[in-house]
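Descriptive analysis of the structure
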Amino acid sequence: MITEGTLLESRIHEYENILGKSPSSCYLNDLSGITQTLCKQADWTDNGAKTIIQIAQNYGTFMLRNALAVAIVLGREDGKMGF
């Protein structure tokens, strides 16, 4: 059985390969570059890529880890926003 932790690790490795492993290689000052890369290499829509970047920028890993844990406990695979 695949656990949420395994899925998360897999997703992290996927985005490391797409965006690079170090923050400096993630176009920190070029959010449009991240958006374009996510659209081309990760099949995100432009709106979806912009939203996921905005969420990461605004909330960071502390809040998102906790939100992920709560979503898992509540059984929320997909949210209300329709992504």
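Residues numbered from 1 in each chain as written. Predicted model: local features only at pLDDT ≥ 70, side-chain atom pairs only at ≥ 80, totals over all residues. Heavy atoms only, no water.

What follows covers the packing of helix α2 (residues 31-41) against helix α3 (residues 46-74). When two helices pack together, you describe them by how their axes are tilted relative to each other and by the distance separating the axes. Between α2 and α3, the least distance of the axes is 9 Å, while the angle of their chain directions is 130 degrees. Between α2 and α3, the angle is such that the two are oblique. For α2 against α3, the interelement crossing comes out right-handed. Judged by residue contacts, Leu-31, Ile-34, Thr-35, Leu-38 and Cys-39 of α2 engage Asp-46, Ala-49, Lys-50, Ile-52, Ile-53 and Gln-57 from α3. Split into classes, the residues belonging to the contact of α2 with α3 amount to seven nonpolar, two polar and two charged. (Axes fitted to C-alpha atoms, helices over the stretch in contact; angles between N-to-C directions. Helix = DSSP H or I, 4+ residues; strand = E, 2+ residues; numbered from the N terminus. Parallel < 35°, antiparallel > 145°, perpendicular 65-115°, else oblique. Left-handed = near helix turned anticlockwise from the far one by under 90°. Contact = heavy atoms within 4.5 Å. Nonpolar A, V, L, I, M, F, W, Y, C, P; charged D, E, K, R; others polar.)

With their axes 10 Å apart at the nearest point, helix α1 (residues 4-19) and α2 run at an angle of 115 degrees to one another. Handedness of the α1/α2 crossing: right-handed. Here Tyr-15, Ile-18 and Leu-19 of α1 lie close against α2, whose contacting residues are Ile-34, Thr-37, Leu-38 and Gln-41. Its residues assigned to classes, the contact of α1 with α2 comprises five nonpolar, two polar and no charged.

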